[in-house]
Structures are given as C-alpha cells and as structure tokens.
Amino acid sequence: SHALDGQVVLITGGSRGIGAALVEEFRSLGAQVAATATSAAGAEALCEKLGERGRGYVLDVTDDAAMDATLAQIRAELGAPSVLVNNAGITRDQLLLRMKDEDWDRVLQTNLRAVYRLSRLCVRDMIKAQFGRIISITSVVGMMGNAGQSNYAAAKAGVMGFSRALAREVAARGVTVNCVAPGFIATDMTAALNEAQREHLLQQIPAGRLGSGQDVAAAVAFLASAQASYITGETLQVNGGLWMG
Ligand code: NDP
C-alpha cells in the first residue's frame, strides 16, 4: 500500500514543469490524480501518462464556468478531491512604469483569483470528509520581491495571505492550507535566461544549482501527507538557500 492510496489529488497545470513532477510524485504515492492542461492535446497526454492512476482534464483556470464544470466532472468520475495542489501559474514581467493593465490583470487572475476560486470549490467536500489538504505553489518572489515582477510578487504574496486566512477558517475540520515557495526551478518558466543571467543567478544560490520539479514535488507530498496534519498556514521554502526570510 502507498501513502496516499485511494485519495483524489487535483493538480492544476500538470502538463509540464513543476506540475509534471507533481503528477509523477502523486501517481507514485498511489493517489488517483486529476491533472489539468489548457489544451485538449495536453489533457490527452496526461490521460495516457496516468492510465489507471487518474485522468487529464482541460482547464483554463481563468474561466469560471469551465472551472465549475471540470470540478463537477472530476467529482463524478474520480470522486471529490481530498488534496488540491494549485500549481498553474504564469509570468508577464515588466517594470512598473511599463506595466500594462492587461499584464497585471492576467497574472492576478491566473495566479491569485483562480487559487481563491478553486479552493472555495474544493473545500466544502474536504470539510464534510473532515480531511483535506490545500497546497499552493507560490514563489520566493512573493516573499523577497523581484524587479520587473510586481504583478507576480503581488499575486504570490496574495496567495500566502489567502492561505493563512483560510487555514484559520478550516483548521478545526481536519483541513490544512499551506504553500510551497520555490526559488529558481529549471522549467520553461526559467529557460528564457541567457548565460549571463544564469551565471548571476547561480552565484546567489548557496546550493549552487537550480532546483528541479522533483525538489518541489517532494515538499508538496510531505504537506499532503497524514504526518503533516498539524502544519497549517505555513509556507515551506524550496530554494537551495537563495533566501531565508
Ligand atoms: P511552466 O511555465 O513550466 O508551466 C506552467 C503550467 O501552468 C503549465 O502546466 C500550464 O499549462 C499551466 N497554466 C498556465 N496558464 C494556465 C491557465 N490559465 N489555466 C490553467 N493552467 C495554466 O511553469 P512552472 O512549472 O515553472 O511553474 C509552476 C508553478 O510554480 C507556477 O505557479 C509558478 O509561478 C511557480 N514557480 C515556478 C518557479 C520556477 O522557477 N520555475 C519558481 C517559483 C514558483 P499548459 O501547459 O497547458 O500551458
């Protein structure tokens, strides 16, 4: 038997990067994984990858009606998720003077509003079951800030504030609400760095390397476990010592 046998774990943005590592981690722990992608092809690839261990679903987390419908479908096909991992996220980097309203809004919608909304949709069943785990992927940037990422920093800090508030609302119901804040992880999101930027970045990371999706997934799996039942409203940093605030 595995640590998460039979539990339904919903992971947003499971198609690549950290999300793909999360899918692999929870699959290996025996969970039934509901993983989302924005395209039909992405969802189909997730279905193939998961086989008997779960299903892929098409979901754009900024589409409220689609979110409602997808969650209803997951509940019907796999059962109500007892673990929600809010992983889907984007960047639209720009210095504030050049920030467009649409860049601000898009990042806040995808990285913050969707977390609020999907958590609200999932938490009712968790309260009923007297067990649940809501884990959101935030960022070191939401804690220390980063020039050119005011929208992203605001959204990620917002998720951490949201999580601490919800943690207090549901703590007596067996539901924990936590964040995992990665530093720099080697995914598409960080692939755009040039050689000089990469060198500069590595000099700031005491561990001397970028993180992997697996580094993040292991932290999420711990917070999802029964052993972590007394940890709530917390943010677990996974950053190789980049920042320790
Ligand atoms: P990637 O850019 O590699 O992947 C992003 C994922 O989010 C994809 O699965 C993508 O789906 C999905 N996604 C994007 N927009 C939407 C949307 N509107 N609706 C649903 N899904 C969407 O990102 P990472 O794996 O690097 O990042 C994952 C999370 O980790 C994000 O929240 C990010 O902010 C955070 N993070 C990443 C760090 C890093 O260094 N990489 C550092 C700190 C935090 P699709 O493939 O279908 O487009």
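This text goes with the structure placed above it.
Residues numbered from 1 in each chain as written. Predicted model: local features only at pLDDT ≥ 70, side-chain atom pairs only at ≥ 80, totals over all residues.

J.: Any chance you could explain helix α2 (residues 40–50) here in plain terms?
T.: Side chains of residues three or four places apart in an α-helix project in the same direction, reflecting 3.6 residues per turn. Those residues of α2 that sit buried are G42, A43, L46 and L50. Projected down its long axis, α2 shows its buried positions confined to an angular sector of 100°, all on one face. In α2, the exposed positions that point more than 90 degrees away from the buried face belong to A40, A41 and E48. In the core, the buried residues of α2 are packed alongside α1 (17–28), β2 (32–37) and β3 (54–58). Note on α2: the residue one or two positions beyond its end, G51, has a positive phi of about 55°. (Buried ≥ 20, exposed ≤ 12 C-beta atoms within 10 Å, placed from the backbone. Helix = DSSP H or I, 4+ residues; strand = E, 2+ residues; numbered from the N terminus. Arc of directions from axis to C-beta. Contact = placed C-beta atoms within 7 Å.)

J.: Would you mind going over the sheet that holds strand β5 (residues 132–137) with me for this structure?
T.: Two orientations exist for strands paired in a sheet by backbone hydrogen bonds: parallel and antiparallel. Strand order in the open sheet formed by 7 strands is β3-β2-β1-β4-β5-β6-β7, with parallel pairing between adjacent strands. Taken across any chain shown, the strands that pair with only one partner, and hence form the sheet edges, are β3 and β7 (235–238). Direction aside, the axes of adjacent strands within the sheet are offset by 15° on average. Direction of pairing for β2 relative to β3: parallel, over a ladder of 5 bridges. In the strand pairing of β3, V33 is matched with G54. Packed onto the sheet, α2 meets β2 and β3 and runs at close to 175° relative to β3. (Pairing = 2+ DSSP bridges. Axes fitted to C-alpha atoms, helices over the stretch in contact; angles between N-to-C directions.)

J.: Looking at this structure, how should I read the pairing of strand β6 (residues 175–182)?
T.: On any regular strand, side chains alternate: one points to one face of the sheet, the next to the other face. Burial of β6 is extensive: 8 of the 8 residues sit out of reach of the surface. Side-chain alternation along β6 places V175, V177, C179 and A181 on one buried face and T176, N178, V180 and P182 on a second face that is also buried. Where β5 and β6 come together, 6 bridges link them in parallel fashion. Residue pairing across strands places G132 opposite V175, the latter belonging to β6. Pairing between β6 and β7: 4 bridges, direction parallel. Of the residues in β7, the one forming a bridge with P182 is V238.

J.: Teacher, can you tell me more about α1 here?
T.: Over its 12 residues, α1 runs 17 Å from end to end, which matches the ideal 16 Å to within 8%, given 1.5 Å per residue. Most of α1 is tucked away, with 10 of its 12 residues classed as buried. Those residues of α1 that sit buried are G17, I18, G19, A20, A21, L22, V23, E25, F26 and R27. (Expected span 1.5 Å × (residues − 1).)

In short, the description is geometric, and any link to function would need to be established separately.
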